[in-house]
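Residue-level listing of the chains:
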Amino acid sequence: MSYQPIRFYQTGTFTVGNRLLTEEQRSVQSGRERTNSLNSGHRACQGCGEALGARYAIDAAMAATNRQLVAANATGCLEVFSTPYPETSWQIPWIHSLFGNAAAVGTGIAAALQVQGKRDVRVVAQGGDGGTTDIGFGCLSGMFERNDDVLYICYDNEAYMNTGVQRSSATPPTARTNTTMPVGESTGARFGQGKNLPLIAMAHEIPYVATATVAELRDLEAKVRRAMEFRGARYIHVLVPCPLGWGHGSAETIKMARLAHETGLFPVFEAEHGEVKHVSKIRRQLPVEDYLKPQTRFAHLFKPPGHADLVARIQALADRNVKRFGLVDHAEEAT
Amino acid sequence: MLKQVEGSAAVAEAIALCRPQVICAYPISPQTHIVEALGRRVDAGELTPCAFVNVESEFAAMSVAIGASATGARAYTATASQGLLFMAEAVYNAAGLGLPIVMTVANRAIGAPINIWNDHTDALSQRDCGWLQLFAEDNQEALDLHIQAFRLAEELSLPVMVCMDGFILTHAYERVDMPTQAQVDSYLPPYEPRQVLDPADPVSIGAMVGPEAFMEVRYLAHAKQQQALELIPAWADEFRRVFGRPSGGLVHEYRTSDADVIVVALGSVLGTVKDTVDEMREQGQKIGVLGITCFRPWPAVAVRAALQRAKRVVVLEKSLAVGMGGIVGNNVSASFAGASDRVHTVIAGLGGRSITRGSLHRVFGQALADSLEPLTFLDLDRALVDRVLERERAHRRSGPIAEGILKDLGVVAAKIG
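Please read all numbers here as calculations on a predicted model, not as lab measurements.

Caption draft 1: How the structure looks around the packing of aromatic side chains. All told, the structure shown has 14 aromatic pairs over all chains when counted by the stated rule. Ring centres 4.7 Å apart and planes at 25° place the aromatic pair phenylalanine 269 of chain A and phenylalanine 325 of chain A in the stacked group. Taken together, the positions of phenylalanine 269 of chain A in strand β7 (residues 269-272) and phenylalanine 325 of chain A in helix α11 (residues 308-325) put the pair 56 residues apart, joining distant regions of the chain. You can call phenylalanine 269 of chain A buried: its relative accessible area is 2%. Taken together, a centroid distance of 5.6 Å and an interplanar angle of 75° make the contact between tyrosine 187 of chain B and phenylalanine 243 of chain B edge-to-face. One end of the pair, tyrosine 187 of chain B, is in helix α8 (residues 181-187); the other, phenylalanine 243 of chain B, is in helix α9 (residues 214-243), with 56 residues separating them in the sequence. The two residues tyrosine 187 of chain B and phenylalanine 243 of chain B agree in class, both being buried. An aromatic cluster is present here, built from Phe144, Tyr152 and Tyr235 of chain A joined pairwise through their rings. Positioned above the aromatic ring of tyrosine 187 of chain B is the side chain of arginine 151 of chain B, whose terminal nitrogen or guanidinium carbon lies 5.2 Å from the ring centre. Lying over the aromatic face of tyrosine 254 of chain B, lysine 274 of chain B brings its terminal NZ or CZ to 5.4 Å of the ring centre.

Caption draft 2: Quick look at helix α13 (residues 357-368) of chain B. All names here are of chain B. With twelve residues, α13 should cover 16 Å at 1.5 Å per step; its first-to-last C-alpha distance of 16 Å lies within 8% of that length. For α13, the complete set of buried residues consists of Ser359, Leu360, Val363, Phe364 and Ala367. With its buried residues spanning 120° around the axis, α13 presents them on a single face. Buried positions along α13 lie against β11 (261-265), α10 (269-282), β12 (287-292), β14 (312-317) and β16 (375-377). At the exit of α13 stands aspartate 370, carrying a positive phi of roughly 60°.

Caption draft 3: Representation of the layout of surface pockets in the model. All names here are of chain B. Empty space within the second largest pocket amounts to approximately 1,300 Å³. Along the wall of the second largest pocket there are 41 residues; nearest its centre are Ala95, Gly96, Leu97, Val217 and Arg218. Contributing elements (two or more residues each) for the lining of the second largest pocket: α5 (88-97), β9 (204-205) and α9. Here the residues of the lining of the second largest pocket are counted per class, giving 19 nonpolar, 14 polar and eight charged. For the lining of the second largest pocket, the domains that each give at least three residues are domain 1 (2-243) and domain 2 (251-377).

Caption draft 4: Geometry of the sheet that holds strand β2 (residues 94-96) of chain A. The nine strands lie next to each other as β8(A)-β7(A)-β5(A)-β6(A)-β4(A)-β3(A)-β1(A)-β2(A)-β9(B), forming an open sheet whose pairing is mixed. The sheet is open, and its two edges are formed by β8 (275-279) of chain A together with β9 of chain B, each paired on a single side. As judged from the five bridges shared by strand β1 (residues 69-73) of chain A and strand β3 (residues 122-128) of chain A, these two strands associate in the parallel manner. The residue of β3 of chain A that forms the bridge with asparagine 73 of chain A is glutamine 126 of chain A.

Caption draft 5: Broad picture of the interface of chain A and chain B. Taken residue by residue, the interface counts 37 residues in chain A and 37 residues in chain B. Across the chain A/chain B interface, buried area totals approximately 2,700 Å², and carbon plus sulfur atoms make up 67% of it. Contact with chain B buries area across many residues of chain A, yet Tyr85, Leu98 and Val115 of chain A alone supply 22% of it, more than any other trio. Where chain A meets chain B, there are one salt bridge. Between arginine 146 of chain A and glutamate 56 of chain B there is a salt bridge whose closest N-O contact spans 2.7 Å. On inspection of chain A and its partner chain B, the count reaches 13 residue pairs in polar contact (both at pLDDT 80 or more). At the level of secondary structure, the elements contributing two or more residues to the side of chain A that touches chain B comprise β1, α2 (77-82), β2, α3 (102-115) and α5 (137-146) of chain A. Considering each element in turn, the side of chain A that touches chain B owes the most residues, ten residues, to α3 of chain A. Residue composition of the side of chain A that touches chain B, by class: 20 nonpolar, 14 polar and three charged. When β2 of chain A meets β9 of chain B, the two strands line up parallel, connected through two bridges. Bridge pairing in β9 of chain B links tryptophan 94 of chain A to serine 204 of chain B.

Caption draft 6: Representation of the nonpolar core. Formed by 149 residues in total, the largest nonpolar core has its most connected members in Ile95 and Tyr235 of chain A together with Met62, Ile66, Tyr76 and Trp131 of chain B. Tallying contributions element by element places α3 of chain A first for this core, with ten residues. Counting the residues that make up this core, at least three belong to each of domain 1 (2-243) and domain 2 (251-377) of chain B. When sequence neighbours within four positions are dropped, the list of residues in contact with tyrosine 76 of chain B reads Val11, Ile15, Val22, Ile23, Cys24, Ile34, Leu38, Val102, Met103, Thr104, His146 and Phe150 of chain B.

Caption draft 7: Representation of the pairing of strand β2 (residues 22-25) of chain B in the model. Residue and element names in this part refer to chain B. On β2, burial covers both faces: Val22 and Cys24 on one face and Ile23 and Ala25 on the other are all buried. The pairing of β2 with strand β3 (residues 51-54) spans four bridges and is classified as parallel. Note on β3: the bridge partner recorded for valine 22 is alanine 51. Running through helix α2 (residues 32-43), the crossover from β2 to the neighbouring parallel element β3 is right-handed. Examined bridge by bridge, β2 and strand β4 (residues 75-79) share three bridges and lie parallel to one another. Following the sheet pairing, isoleucine 23 is matched in β4 by tyrosine 76.

Thresholds, definitions, all that
Residues numbered from 1 in each chain as written. Chains lettered and ligands numbered in written order. Predicted model: local features only at pLDDT ≥ 70, side-chain atom pairs only at ≥ 80, totals over all residues. Heavy atoms only, no water. Phe/Tyr/Trp six-rings, centres within 6.5 Å; stacked < 30°, edge-to-face > 60°. Helix = DSSP H or I, 4+ residues; strand = E, 2+ residues; numbered from the N terminus. Buried < 20%, exposed > 50% of the residue type's maximum accessible area, 1.4 Å probe, protein only. Lys NZ or Arg CZ within 6 Å of the ring centre and 35° of its normal. Expected span 1.5 Å × (residues − 1). Arc of directions from axis to C-beta. Contact = heavy atoms within 4.5 Å. 1 Å grid on protein atoms, 1.4 Å probe; cavity = no way out; pocket = protein on both sides within 12 Å on 5 of 7 lines; lining within 4 Å. Points joined across faces, edges and corners; volume = space filled by probe spheres on them. Nonpolar A, V, L, I, M, F, W, Y, C, P; charged D, E, K, R; others polar. Domains from an automatic or database assignment. Pairing = 2+ DSSP bridges. Buried area = accessible area lost by both parts, 1.4 Å probe. Salt bridge = Lys/Arg side-chain N within 4 Å of Asp/Glu carboxyl O. Polar contact = N/O pair within 3.5 Å; in protein donor to acceptor, adjacent residues only side chain to side chain. Core = buried A, V, L, I, M, F, W, Y, C linked by side-chain atoms within 4.5 Å. Right-handed = clockwise from strand over helix to strand, strands pointing away.

Structural data, given as structure tokens:
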């Protein structure tokens, strides 16, 4: 006898809204105790993924540490839009030193707190992908290797947006930036380049590494809270779409982040001590075109006659992620 | 207590007496013995509480010091040469943020060609970065200046660089009078930061400042350094009261009162210069010495006063502003009330070249005889230079300069003596 199994996909996703959840399951952002660590009035662009990610992440860190938090910030969009003199959006102790040293400044803060016996005060260092994967990479790797008690959060918008959209080592292949223009024979950023920083962080065998997107803010909050349960070096890599640099509508930031996950291009997972412990499954893997087409940085791939070969290579990258991280539960799909 | 110790060990002990809370260590000759000694003390539990952080670069060393200092900890690091250049961005940042970090610079030449020996090019490359720069004449002064440096830095909320000649001081065993913990504690109060990263009173440090206020921020840095010109002599006096010996201050005068020629220098070479001057005095020549202890802020008034009666000034410096001449010489010229053609610059001792009394007799004698050139390179091997220039005229692909010179010299290692 054949039957149709019923699946309640909404279960466990928290999309039912906070009113129907128990107190402890509610998001930090919806709570009365929300700290507005990155307060309103800052100068981020409309639809800025980084501002959204930072607000959720830092408020969650504040909640997890009972408001005993200090932040170090790399130079970049987040720093520039949050602290135009004489204003600041930060409601927490916050320092900006340089582009490439946020992790090391975090180490210094943690060292000072340790000698002062302030074990309850925790440290976050944060920066964009340029400040993390490129110019700040040396300091970041050093902080990981020493296992300093710092949570580093990278808000990855896949290029140097603050300086006007130039390629970073987090820029995906074929993306158009102002230093990877698809002109002449060029088809944008090259294949075979770039760094996967979450995997590099895991190779340092630090206690906790996670990826997240601004499409699943509840997940981001939970990962920040989880990170604060560990001592030592921790790393969270948050995908934060940038309407300016990606060329999508400012109302489509969360949609783009969700598509990055659901195509398999940006695997969302958690790892502890170098081992993957949890992956956010994709219910139905979407074709990469769904993600690429709405973004003008990939427009050259679809202009007639098009670059079907390049789209296929991007699809292969997504498929590799799906396989590598087990993003799709094929057994379930088969039923 | 009198001790016969290596300069680096003396400085490490002085730093330990200052109760540092965060020490960042990255190895580079010739400062390495200092942080090694401090690391041993921290590991042995002699410095509690103190964090000793083995960082991955000098850039990280200064960055960790920035984070620690901004969190209210007394922070220290040491570097030299390439290391100072590698951390340069953070060196400027520490000054701009007004963080009272103390750093030893064990002065060493800057490559290329790579050279580990002493000159002052490293520290003087950072002369405009906003740090106070103090130069030690001997190991006693090196250790004393570090104690004064923490006091100065924390009072002014400005970082202080204590410069001591690499190898000549850092690796020399000399007798020093090591102060007691009680003496240092009575001179150096606990660090009370003007700004601190504290969840109980959140502040933002390091905001972007545009044209509307940047000039004012810079002016305040300058004004604070001018303030230091008054504090440095005052605290040198207090240092004398507490420790029972003179040390520090802006400048040291030696036999200048009736001198026709005054030699200006900084660092350990002052010893040789004074010996030479003593010998020339015995021959009845009116020559004296002005030692610069504080290079930044530049003690213009003290220098002008000291040089007031001099007919000629000879600036002997271990640094070179390539394409211009002397760095110290340029500063001295600006403070000399007489005609600028009366100030002579002698570039000496670059990359560890020995500065001998014989050579000093020669140039000082020329100054007394009014025959010294405006700019002299002491003991320059002109024939060697001419061979390179000739080779460059003859061949387009004349090859790398330094290697060509070594080939001409017929040696594989640099000649020290």
